[in-house]
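Residues per chain are reported as follows:
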Amino acid sequence: MPRAALIVLDSVGIGGAPDATAYGDAGANTLGHIAQACATGDGDRTGLRSGPLRLPHLGRLGLGAAAQGASGEWPGTLPAPGATAIHGHAAEVSNGKDTPSGHWEIAGVPVPFDWGYFPETEPCFPKELTDAIIREAGLPGILGNKHASGTTILAELGEEHIRTGKPILYTSADSVLQIAAHETHFGLDRLYALCETARRLLKPYTIGRVIARPFLGETAETFERTANRHDYALPPPEPTILDRVIAAGGRTHAIGKIGDIFAHQGISDLTKASGNAALTDATLAAIESAGDGDLVFANLVDFDMLYGHRRDVAGYAAALEAFDARVPEIEAALRPGDLVIITADHGCDPTWRGTDHTREQVPILAFGPGLPGKDIGARRSFADIGETIAAHLGLAPGRHGRSFL
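Here's a quick rundown of the structure. (Residues numbered from 1 in each chain as written. Predicted model: local features only at pLDDT ≥ 70, side-chain atom pairs only at ≥ 80, totals over all residues. Heavy atoms only, no water.)

### Re the overall build of the protein
The test is simple: Put simply, DSSP marks the helices as runs of H or I at least four residues long and the strands as runs of E at least two long, and each gets a number from the N terminus on. Computation of the radius of gyration draws on C-alpha atoms alone. For the globule rule, the value is 2.2 Å times the number of residues to the power 0.38. Buried residues are those whose accessible area, probed at 1.4 Å on protein chains only, stays under 20% of the maximum for their type, while exposed residues exceed 50% and partly exposed ones sit between those limits. Contacts between residues were defined by any pair of non-hydrogen atoms, one from each residue, lying within 4.5 Å.
Each helix and strand in the protein was counted, giving 13 helices and 14 strands. Taking 405 residues into account, the globule formula puts the C-alpha radius of gyration at 22 Å, and the protein, at 21 Å, falls close to it. With the principal axes as the frame, the protein shows a C-alpha extent of 60 × 50 × 40 Å. A burial count over the protein gives 59% of its 405 residues as buried. Put simply, of all contacts in the protein between residues at least 6 apart along the chain, 69% involve residues at least 24 apart.

Encoded structure:
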């Protein structure tokens, strides 16, 4: 029986979302602008990388061609696709430009409702919500209560948090409530319990995620977020490809924050790791151990968390090149009948204004032993990815999307 692996390069958008104007993102192009910056020397950093963006393996899989199809521009010096590359680009039909929307739609379930968002005011959270959180969690109060970058707000309020015991609550342009607290001064288990309380109280607001953001350090200069982040997401509204694999007798191997994104629904095995390198190692190990009919589903978060949101062009470029160097290992781990799809969930253009996600199309790069290459063009929904996985594994078609096999 065949196996499948789905690897999401978190935020590696390729521009050209048809409705980007509605989100204030007309012209955003994560991959294209990184390639442009590298070509002009703006992606250089001493000791990290220099010169044009070099992605020979992803280019061979069709990344350059997919990007040209989405944006009309070929990114830098990426090579033309090889004979075995199945490549194309997809637009999102779900509203928003956040992680759950993108991943759920990739898994075959577009979001059928509008997410709730918090206004760009200060304070940004409804008083009845914060009063309830403070009361039910037994807090002395809260800090923040505004839109903010996670690293910036730690530098601003981390020392006051340690001194007062008040957790830091903040949000972004996404449908999210983030809670930062010190792992030792506040306590990791206490932070998780607080997030569970907030998740329950947020039910009327249709907020996609509550995110626990633990950190360590004693001063603004030394604060650093740890790998113990935990997302508390709403569950998908109907069975995803993960549920469908399990219903058919297969197993699902979730890597990184996939378990959190899907509210741990449809997950057989979960592996968490810190950093793209460790997450890629875990993906390779899961492919090695996966049985017939299984699905490996991985998210590589560093592109988004460390480089996109922080608008770090050089870091983002180096991360892309580091993953590109691992592609031959992924290819070598496959056996006849396997299918791998590399894609993304949204954009996070590091040259764009602000620090939030950008509404972009995403690449679809599919490959496996013996699969012939082809240009699958523009796909009208990310759900085509999930339906392709379903068709490959011999599952009945779902309600959304269409296989490109």
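### Regarding unusual backbone geometry
With omega at 5°, the peptide bond leading from Glu122 into Pro123 counts as cis. You can see Pro123 is positioned in the loop between helix 4 (99-106) and helix 5 (127-137). Even without being glycine, Ser11 reaches a positive phi, approximately 85°. Along the polypeptide, Ser11 turns up in the loop between strand 1 (4-9) and helix 1 (30-39).

### Overview of the state of the cysteines
We apply this condition: Cysteine sulfur atoms are paired as a disulfide whenever they fall within 2.5 Å.
Scanning the entire structure with this criterion turns up zero disulfides. No disulfide involves Cys348; its sulfur sits 16 Å from the nearest other cysteine sulfur, which is in Cys38. Using a relative accessible area of 0% as the deciding quantity, one classes Cys348 as buried.

### Here's the deal with the nonpolar core
The nonpolar side chains of soluble globular proteins are, as a tendency, buried together. Which entries qualify depends on this criterion: Throughout, nonpolar core names a set of buried Ala, Val, Leu, Ile, Met, Phe, Trp, Tyr and Cys residues whose side chains join them through atoms within 4.5 Å.
Of all hydrophobic cores here, the largest spans 77 residues; its most connected members are Leu58, Phe297, Phe303, Phe323, Ile341 and Ile342. Examining the composition of this core, we find that seven residues originate from one element, helix 12 (residues 313-332), more than from any other. The residues contacting Phe297, other than those within four sequence positions of it, are Leu6, Val8, His103, Ile106, Ala107, Leu242, His253, Ala254, Ile255, Ile258 and Phe262. Ranked by size, the runner-up nonpolar core spans 25 residues in total, among them Leu188, Leu191, Ala212 and Tyr232.

### Structural notes on the packing of helix 10 (residues 276-289) against helix 12
Here is the rule we go by: Structural elements are reduced to axes, namely lines fitted to C-alpha atoms, with helices fitted over the stretch in contact, and the angle between N-to-C directions of any two is expressed from 0 to 180 degrees. Here the word oblique covers every angle except those under 35 degrees (roughly parallel), over 145 (roughly antiparallel) and from 65 to 115 (roughly perpendicular). With the far helix as reference, a near helix turned anticlockwise by less than a right angle produces a left-handed crossing, and one turned clockwise produces a right-handed crossing. Classification convention: Asp, Glu, Lys, Arg as charged; Ala, Val, Leu, Ile, Met, Phe, Trp, Tyr, Cys, Pro as nonpolar; all other residues, Gly among them, as polar.
Contact pair helix 10 / helix 12: the axes reach a minimum separation of 11 Å and the direction vectors enclose 15°. Taken together, the axes of helix 10 and helix 12 are roughly parallel relative to one another. Crossing geometry of helix 10 relative to helix 12 is assigned as right-handed. For the pair formed by helix 10 and helix 12, the contact residues are Asn276, Ala277, Thr280, Asp281, Leu284 and Ile287 on the first element and Ala319, Phe323, Arg326, Glu329 and Ile330 on the second. Its residues assigned to classes, the contact of helix 10 with helix 12 shows six nonpolar, two polar and three charged.

### A look at the packing of aromatic side chains
Put simply, the rule reads: In summary, the pairing rule links any two rings of Phe, Tyr or Trp, Trp by its six-membered ring, whose centres are within 6.5 Å, and it sorts them by plane angle into stacked for under 30 degrees, edge-to-face for over 60 and tilted for everything else. Note on geometry: a ring has a charge over it if NZ (lysine) or CZ (arginine) is within 6 Å of the ring centre and within 35 degrees of the ring normal.
If you walk through the whole model with that rule in mind, you get six aromatic pairs. The interplanar angle of 90° and the centroid separation of 4.7 Å between the aromatic rings of Phe118 and Phe125 together place this pair among those described as edge-to-face. For the pair shown, Phe118 and Phe125 are each scored as buried. Ring pairing ties together the aromatic residues Trp104, Phe113 and Trp115, which thus form one cluster. One cation-aromatic arrangement involves Arg190 over Phe186; the distance from NZ or CZ to the ring centre is 4.1 Å.

### Let's talk about the sheet that holds strand 13 (residues 362-367)
Rules: The pairing criterion is simple: DSSP has to find at least two bridges between the two strands.
Strand order across the open sheet formed by eight strands is 10-9-11-1-12-13-2-14, with mixed pairing between neighbours. Two strands lie at the open edges of the sheet, namely strand 10 (269-271) and strand 14 (374-379), each paired on one side alone. For this sheet the average axis-to-axis angle between neighbouring strands, irrespective of direction, equals 15°. Bridging between strand 1 and strand 12 (residues 339-343) involves five bridges; their strand directions are parallel. In the sheet register, Val8 faces strand 12, and the bridge partner there is Thr343.

### Describing the pattern of salt bridges
For the record, the criterion: The salt bridge definition used is simple: a Lys or Arg side-chain nitrogen within 4 Å of an Asp or Glu carboxyl oxygen.
Taken as a whole and judged by the stated rule, the model has 21 salt bridges. Of the charged contacts, one joins Lys257 and Asp10 as a salt bridge, the two residues approaching to 3.2 Å between their closest N and O atoms. In this pair, Lys257 sits in the loop between strand 9 (252-255) and helix 9 (258-261) while Asp10 sits in the loop between strand 1 and helix 1, placing the two residues 247 residues apart along the sequence. We classify Lys257 as buried; its relative accessible area is 9%. Among the ionic contacts, a cluster of salt bridges with common partners joins Asp19, Glu92 and Arg359.

### Details of helix 4
The periodicity of an α-helix, 3.6 residues per turn, causes residues three or four places apart in sequence to face the same way. Across the eight residues of helix 4, eight count as buried, placing the element largely inside the fold. Buried within helix 4 we find Thr99, Pro100, Ser101, Gly102, His103, Trp104, Glu105 and Ile106. Contact partners of the buried residues in helix 4: strand 1, strand 6 (209-216), helix 9, strand 11 (295-300), strand 12 and helix 13 (383-392). Immediately beyond the C-terminal end of helix 4, within one or two residues, lies Gly108, with a positive phi of roughly 95°.

### Section: the packing of helix 5 against helix 7 (residues 183-201)
Running from N to C, helix 5 and helix 7 cross one another at 140°; their axes reach a closest spacing of 10 Å. Between helix 5 and helix 7, the interaxial angle falls into the category oblique. Relative to helix 7, the crossing made by helix 5 is right-handed. Across the interface between the two elements, Leu129, Ala132, Ile133, Glu136 and Ala137 of helix 5 pack against Leu194, Thr197, Ala198, Arg200 and Leu201 of helix 7.

### Some points on helix 1
Counting buried residues along helix 1, eight of its ten residues qualify, which places the element largely inside the surrounding structure. Thr30, Leu31, Gly32, His33, Ile34, Ala35, Ala37 and Cys38 are the residues of helix 1 that are buried. Buried residues along helix 1 sit in contact with helix 3 (63-71) and helix 12. Gly41, located one to two residues past helix 1, shows a positive phi value of around 90°.

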